[in-house]
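Inside the fold
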Amino acid sequence: MLSVRTVLDELHAWQWIGILVARVIVGLLFFLSGRGKLFAPERREQMRQTLIEAHVPFPEFNALIVSTVEFVFGLLLILGAITPLACAMLSGVMVVAIATTAIRNIKATSPLGWLSEFFYLPEVLCLAILVWLFFSGAGWLSVDHLIVSKIHL
């Protein structure tokens, strides 16, 4: 029993690696997506069309807002800066994406099949990771940790 506890304690000490990998990958996903929508006219138009098809009001304005949120808060997530706020903002984007477009693409015939396809959506996985990062924090290799450690000196 002692060896199991030792292994679990050792794994717990290395959890920062999982947090870092998740934070950087999800942050990059949003940062690059937002960058493309902000600076590539064809991507911006594609986003605008998606919002029009989803019947989102003010599609041009919302495309700009969503793209900016993805770009700015994706970068903050990569850096681990104000991570709870970044996670909350990006989670909002994911909830709206799930509600307006992703759910419409599910073609399951049974409730269990629908649930299976729902959990297979990349937006749902991103949302789950963002919720985890919101509660776990950015880890020790982050701007958040640097600021907190300076404050406690």
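Residues numbered from 1 in each chain as written. Predicted model: local features only at pLDDT ≥ 70, side-chain atom pairs only at ≥ 80, totals over all residues. Heavy atoms only, no water.

Our focus in this paragraph is the overall build of the chain. Helix and strand counts for the chain come out as eight helices and zero strands. Starting at the N terminus, the α and β elements of the chain follow one another as α-α-α-α-α-α-α-α. When the 153 residues of the chain are sorted by exposure, 32% land in the buried category. The long-range fraction of contacts in the chain, counting pairs at least 24 apart against all pairs at least 6 apart in sequence, stands at 67%. Accessible surface computed for the chain: about 9,900 Å², of which carbon and sulfur atoms make up 74%. Averaging the locations of the 10 positively and 10 negatively charged side chains of the chain gives two centres separated by 3 Å. (Helix = DSSP H or I, 4+ residues; strand = E, 2+ residues; numbered from the N terminus. Buried < 20%, exposed > 50% of the residue type's maximum accessible area, 1.4 Å probe, protein only. Contact = heavy atoms within 4.5 Å. Areas by Shrake-Rupley, 256 points an atom, 1.4 Å probe, with all protein chains shown as cover. Lys, Arg positive; Asp, Glu negative; His and termini not counted. Charge placed at Lys NZ, Arg CZ, Asp CG, Glu CD.)

Position of Glu-70 among the secondary structure elements: in helix α4 (residues 59-79). Among the polar contacts listed, one links the side chain of Glu-70 to the side chain of Ser-33, at a separation of 2.9 Å. Within the local environment of Glu-70, its side chain forms a polar contact with the backbone nitrogen of Gly-34, the two atoms lying 3.4 Å apart. Other than its neighbours up to four places away in sequence, Glu-70 contacts Phe-30, Phe-31, Ser-33, Gly-34, Lys-37, Leu-90 and Val-93. (Polar contact = N/O pair within 3.5 Å; in protein donor to acceptor, adjacent residues only side chain to side chain.)

Attention now moves to the packing of aromatic side chains. Tallied over the entire structure, the rule returns seven aromatic pairs. For the ring pair Phe-118 and Phe-119, a centre distance of 5.5 Å and an interplane angle of 65° mean the geometry is edge-to-face. Residue classification places Phe-118 among the buried positions, given a relative accessible area of 18%. Assessed through its relative accessible area of 54%, Phe-119 is described here as exposed. (Phe/Tyr/Trp six-rings, centres within 6.5 Å; stacked < 30°, edge-to-face > 60°.)

Summarising the element assignment, Thr-83 is placed in helix α5 (residues 83-102). The buried category is assigned to Thr-83, whose relative accessible area is 0%. Polar contacts involving the side chain of Thr-83 include one to the main-chain carbonyl oxygen of Gly-80, which spans 3.5 Å. Residues in contact with Thr-83, not counting those within four places in the same chain, are Leu-77, Leu-133, Ala-138 and Asp-144.

Moving on to helix α3 (residues 41-53). Between its terminal C-alpha atoms α3 stretches 18 Å, which fits the 18 Å expected from 13 residues at 1.5 Å a residue. Once α3 finishes, His-55 follows within two positions and takes phi at roughly 60°, a positive value. (Expected span 1.5 Å × (residues − 1).)

The geometry of α5 relative to helix α7 (residues 122-136) is characterised by a closest axis approach of 9 Å and an angle of 160° between their N-to-C directions. Regarding the angle of α5 to α7, the classification is roughly antiparallel. The hand of the α5/α7 crossing is left-handed. Residues Thr-83, Pro-84, Cys-87, Ala-88, Leu-90, Ser-91, Met-94, Val-95, Ala-97, Ile-98 and Ala-102 of α5 form the contact with α7, whose own contacting residues are Glu-123, Val-124, Cys-126, Leu-127, Leu-130, Leu-133 and Phe-134. When its residues are assigned to classes, the contact of α5 with α7 shows 15 nonpolar, two polar and one charged. (Axes fitted to C-alpha atoms, helices over the stretch in contact; angles between N-to-C directions. Parallel < 35°, antiparallel > 145°, perpendicular 65-115°, else oblique. Left-handed = near helix turned anticlockwise from the far one by under 90°. Nonpolar A, V, L, I, M, F, W, Y, C, P; charged D, E, K, R; others polar.)

Right, let's get into the pattern of salt bridges. For the structure on display, the rule yields three salt bridges. Between Lys-37 and Glu-70 there is a salt bridge, with its nearest N and O atoms 2.9 Å apart. Pair noted here: Lys-37 is in helix α2 (residues 15-39) and Glu-70 is in helix α4, with a separation of 33 residues, a long-range link. Residues Lys-37 and Glu-70 agree in their burial class; the two are buried. (Salt bridge = Lys/Arg side-chain N within 4 Å of Asp/Glu carboxyl O.)

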